[in-house]
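Residue strings, one per chain:
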Amino acid sequence: MSAKIIKGKEVAAEMRAALKEEVASLKEKGISPGLSVILIGDNPASQSYVKAKARACEEIGIVSEVIKRDAGITEEELLAEIDRLNENPNVHGILVQLPLPKHINEKEVLNRISVQKDVDGFHPVSVGNLVIGDECLLPCTPYGIIELIKRSGEDISGKHAVVIGRSNIVGKPVALLLLQENATVTIAHSRTQDLPSLTKQADILVSAVGNPRFIKAEDIKPGAIVIDVGNGTDENGKLIGDVDYEAAKEVAGYITPVPGGVGPMTITMLLNNTVESAKKLNSHK
Ligand code: GUN
């Protein structure tokens, strides 16, 4: 039997339409959600991500500002820029595009962003809140993954979730969110022994490895929910995931394609976080 395809692109479009309406009604109350993105240097991938974020904001009515600085900026100058945004009441979300030039301490920079405006969910206090299950702004890709699983209609509670990858941006936070949804969670990584014995037990398999077609159909439990966070490229430069998709969709119960699966959800959750942050910062109105 062929898997149901989890169409992230369609879910993202639905969510963005709802957010657009919410932004319009917030504006009627005098609240205009605003996102500031800081882009340092001329990394082409970062430039294109930032452009996509700004365009997405514009489409739903979020006021966005891209602050571009050259790679020679000092850490002090960057921190002063963040202080300015922290104090600006029209800015509800602050995002510093990573990676940063080597002479800038990423930790210092992320720590400086006001927790209430931390729409990336990378501040250590946001991460701590996530660990203890307190309310916080959630990192966008993991949040998008949970949203996709929930919208498939399948329960997470009680399932065995296997997450492959332990990055701070995807692997660790998605494992914590699955745990919060009462899954039994296994985190696998590059040193894990006998990975197939784990993936074959996974009711929910999340792969965030970045190794094209690394997960084979025979390593997937029949009927599993398979979430592919990979975004590699094949020999023709085409975007390709971690999962051997064509074969895997004959075994899985649900599967995300690449492209059009997890990818479109990341920016959508950033928009969602900016709107949530704007509401919270204006809750006195
Ligand atoms: N660089 C690549 N992905 C991201 C992201 O999600 N947030 C930030 N701030 N930088 C990134």
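Small disclaimer: the values here were computed from a predicted structure and weren't measured. (Residues numbered from 1 in each chain as written. Predicted model: local features only at pLDDT ≥ 70, side-chain atom pairs only at ≥ 80, totals over all residues. Heavy atoms only, no water.)

Help me out: how do you make sense of a negative patch on the surface in this one?
There is a patch of like negative charges on the surface, built from Asp42, Asp70, Glu76 and Glu77. Note that Glu77 resides in helix H3 (residues 75–87). (Patch = residues over 30% accessible without salt bridge, like charges linked within 9 Å, V, L, I, M, F, W, Y side chains within 5 Å. Areas by Shrake-Rupley, 256 points an atom, 1.4 Å probe, with all protein chains shown as cover. Salt bridge = Lys/Arg side-chain N within 4 Å of Asp/Glu carboxyl O. Lys, Arg positive; Asp, Glu negative; His and termini not counted. Charge placed at Lys NZ, Arg CZ, Asp CG, Glu CD. Helix = DSSP H or I, 4+ residues; strand = E, 2+ residues; numbered from the N terminus.)

Mind showing me how you'd approach helix H7 (residues 171–180) here?
For an α-helix, 3.6 residues make a turn, and residues three or four places apart therefore share a direction. Every buried residue of H7 is listed here: Gly171, Pro173, Val174, Ala175, Leu177 and Leu178. Contacts from the buried residues of H7 go to helix H5 (124–132), helix H6 (140–151), strand E5 (160–164), strand E6 (184–188) and strand E7 (204–207). Phi turns positive one or two residues past the end of H7, at Asn182, with a value near 70°. (Buried < 20%, exposed > 50% of the residue type's maximum accessible area, 1.4 Å probe, protein only. Contact = heavy atoms within 4.5 Å.)

Where do I start with the sheet that holds strand E8 (residues 225–228) in this structure?
Across the sheet, 6 strands lie side by side as E1-E11-E8-E7-E5-E6; this open sheet has parallel pairing. Edge positions in the sheet fall to strand E1 (4–5) and E6, since each has one partner strand and no second. One ladder, built from 5 bridges, connects E5 with E6; its direction is parallel. Opposite Val163, over in E6, you have Ile187 as the bridge partner. (Pairing = 2+ DSSP bridges.)

Could you clarify how one ought to interpret the packing of helix H1 (residues 8–28) against helix H10 (residues 263–281) in this entry?
A pair of packed helices is captured by two measures, namely the crossing angle of their axes and the spacing between those axes. Contact pair H1 / H10: the axes reach a minimum separation of 9 Å and the direction vectors enclose 20°. On the basis of their axis angle, the class for H1 and H10 is roughly parallel. The two elements H1 and H10 meet at a crossing, and its hand is left-handed. Mapping the contact onto sequence places Gly8, Lys9, Val11, Ala12, Met15, Arg16, Leu19, Glu22, Val23 and Leu26 in H1 and Pro264, Met265, Ile267, Thr268, Met269, Leu271, Asn272, Val275 and Lys279 in H10. Among the residues making up the contact of H1 with H10, the classes are represented as 12 nonpolar, 3 polar and 4 charged. (Axes fitted to C-alpha atoms, helices over the stretch in contact; angles between N-to-C directions. Parallel < 35°, antiparallel > 145°, perpendicular 65-115°, else oblique. Left-handed = near helix turned anticlockwise from the far one by under 90°. Nonpolar A, V, L, I, M, F, W, Y, C, P; charged D, E, K, R; others polar.)

In short, shape yes, function no, at least from these values alone.
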